[in-house]
Amino acid sequence: TQRLREQERIAQELQRNIEHIIAEERRRAQEQARAEGRDDTGFALTPEEQILSDNFAENRGRLIWPVERGVITGRFGEQPHPVLRGITISNNGLDIATTEGARARSVFDGRVTRVFSVPGAYYAVIIRHGEYLSVYANLSEVFVRNGQQVSMRQDVGIVATDSREGKTTIHLEIWKGNTKLNPEQWLARQRP
């Protein structure tokens, strides 16, 4: 249970970082919009960002998966802990198991907002798609940098493999502004 507690602590630290970075990104966008005399409610978007945001929204249920092959092992929302009885965990995204050495890829065109790491949790990348953001966590290696434009299917990094358990799992989140969305509703359905 010590290892489970440590994993939970790392997951909570990762979530705090993600929420802080997304709030900071929104604040920066609002400041820039005010400086340019544009509307600053929500994510203040340039005309180009608005088009990107609209295109992202139109692709709900059709976005590519963040890995070429994978299976969902952790679903969005509240659920019972898989090991500890009476404990509920909250998942702000999806956990997708994949093969060792798998490359994480951007689910849509966008701009890298932040590359960061949490001690014990490898790297995470946040990509902004207008007012939407996608988060890719548990990467052992990252191929992109802050501010970089990325295209759909572009590799962003390598999914980490847990050395103890031998599991390779990417954590994906999708946000609209400060609101967490269920990524499963945004990804294309996998063919059996």
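Residues numbered from 1 in each chain as written. Predicted model: local features only at pLDDT ≥ 70, side-chain atom pairs only at ≥ 80, totals over all residues. Heavy atoms only, no water.

Engineer: Help me understand the overall build of the protein, please; the structure alone is not making it clear to me.
Structural biologist: For the protein, the helix and strand inventory stands at 2 helices and 12 strands. Here the protein has a C-alpha radius of gyration of 17 Å; the compact-globule value for 192 residues is 16 Å, and the two agree. Overall, the C-alpha framework of the protein stretches about 55 × 30 × 30 Å when taken along its three principal axes. Here the protein, with 192 residues, has 43% of them falling under the buried criterion. Within the protein, counting contacts between residues at least 6 apart in sequence, those at least 24 apart form 64% of the total. Put simply, the protein shows about 10,500 Å² of open surface, and 46% of that area lies on carbon and sulfur atoms. In the protein, the 27 positive side-chain charges and the 26 negative ones have mean positions that sit 4 Å from each other. (Helix = DSSP H or I, 4+ residues; strand = E, 2+ residues; numbered from the N terminus. Rg over C-alpha atoms; globule rule 2.2 N^0.38 Å. Buried < 20%, exposed > 50% of the residue type's maximum accessible area, 1.4 Å probe, protein only. Contact = heavy atoms within 4.5 Å. Areas by Shrake-Rupley, 256 points an atom, 1.4 Å probe, with all protein chains shown as cover. Lys, Arg positive; Asp, Glu negative; His and termini not counted. Charge placed at Lys NZ, Arg CZ, Asp CG, Glu CD.)

Engineer: What is the right way to read the environment of Gln149 from this model?
Structural biologist: Secondary-structure assignment places Gln149 in strand E9 (residues 149-150). Sequence-distant contacts of Gln149, defined by excluding residues within four places in its chain, comprise Gly110, Arg111 and Gln154.

Engineer: Honestly, helix H1 (residues 2-35) in this entry has me stumped. Any pointers?
Structural biologist: Owing to its 3.6 residues per turn, the α-helix aligns residues three or four sequence positions apart on the same side. In a regular helix each residue adds 1.5 Å, so 34 residues correspond to 50 Å; H1 covers 50 Å between its end C-alpha atoms and thus fits that length. Of all the residues in H1, the buried ones are Ile10, Leu14, Gln15, Ile18, Ile21, Ile22, Glu24, Glu25, Ala29, Gln30 and Ala33. Those residues of H1 that are buried lie in contact with strand E6 (110-117), strand E7 (123-129), strand E8 (132-142) and strand E11 (168-176). (Expected span 1.5 Å × (residues − 1).)

Engineer: How should I be thinking about the pairing of strand E10 (residues 155-159) in this particular structure?
Structural biologist: Across a regular strand the side chains alternate sides, sitting on one face of the sheet and then on the other. Taking burial as the measure, the 5 residues of E10 include 4 buried ones, the bulk of the element. Judged from the 3 bridges that link them, strand E5 (residues 103-105) and E10 form a sheet pairing that is antiparallel. Across the sheet, residue Ala104 finds its bridge partner in E10, namely Gly157. Bridge analysis of E8 against E10 gives 3 bridges, and the strand direction is antiparallel. Bridge assignment links Leu139 to a residue of E10, and that residue is Val159. (Pairing = 2+ DSSP bridges.)

Engineer: Explain the side chain of Gln148 here, please?
Structural biologist: With respect to the helices and strands, the residue Gln148 is situated in the loop between E8 and E9. Those residues in contact with Gln148, other than ones at most four positions away along the chain, are Gly110, Arg111, Val112, Phe143 and Gln154.

Engineer: Teacher, can you tell me more about helix H2 (residues 47-58) here?
Structural biologist: For H2, which comprises 12 residues, the first-to-last C-alpha distance of 17 Å matches the rise-based estimate of 16 Å (1.5 Å per residue) to within 8%. Taken residue by residue, H2 has Leu52, Ser53 and Phe56 as its buried positions. Taken down its axis, H2 places every buried residue within 100° of arc, on the same side. Those residues of H2 that are exposed and angled more than 90 degrees off the buried face are Pro47, Ile51 and Glu58. Contacts from the buried residues of H2 go to E6, E7, E8 and E11. (Arc of directions from axis to C-beta.)

Engineer: So what exactly am I meant to see when it comes to the pairing of E8 here?
Structural biologist: In the sheet, E7 pairs with E8 via 7 bridges, with the strands oriented antiparallel. Bridging from a neighbouring strand, Ala124 pairs with Ala137 of E8. From the end of E7 to the start of E8, which pair antiparallel, there are 2 residues, and Gly130 there has a positive phi angle of about 70°. Pairing analysis gives 6 bridges linking E8 to E11, with the strands arranged antiparallel. Bridge pairing in E11 places Tyr136 opposite Leu172.

On their own, these measurements won't tell you what the molecule is for.
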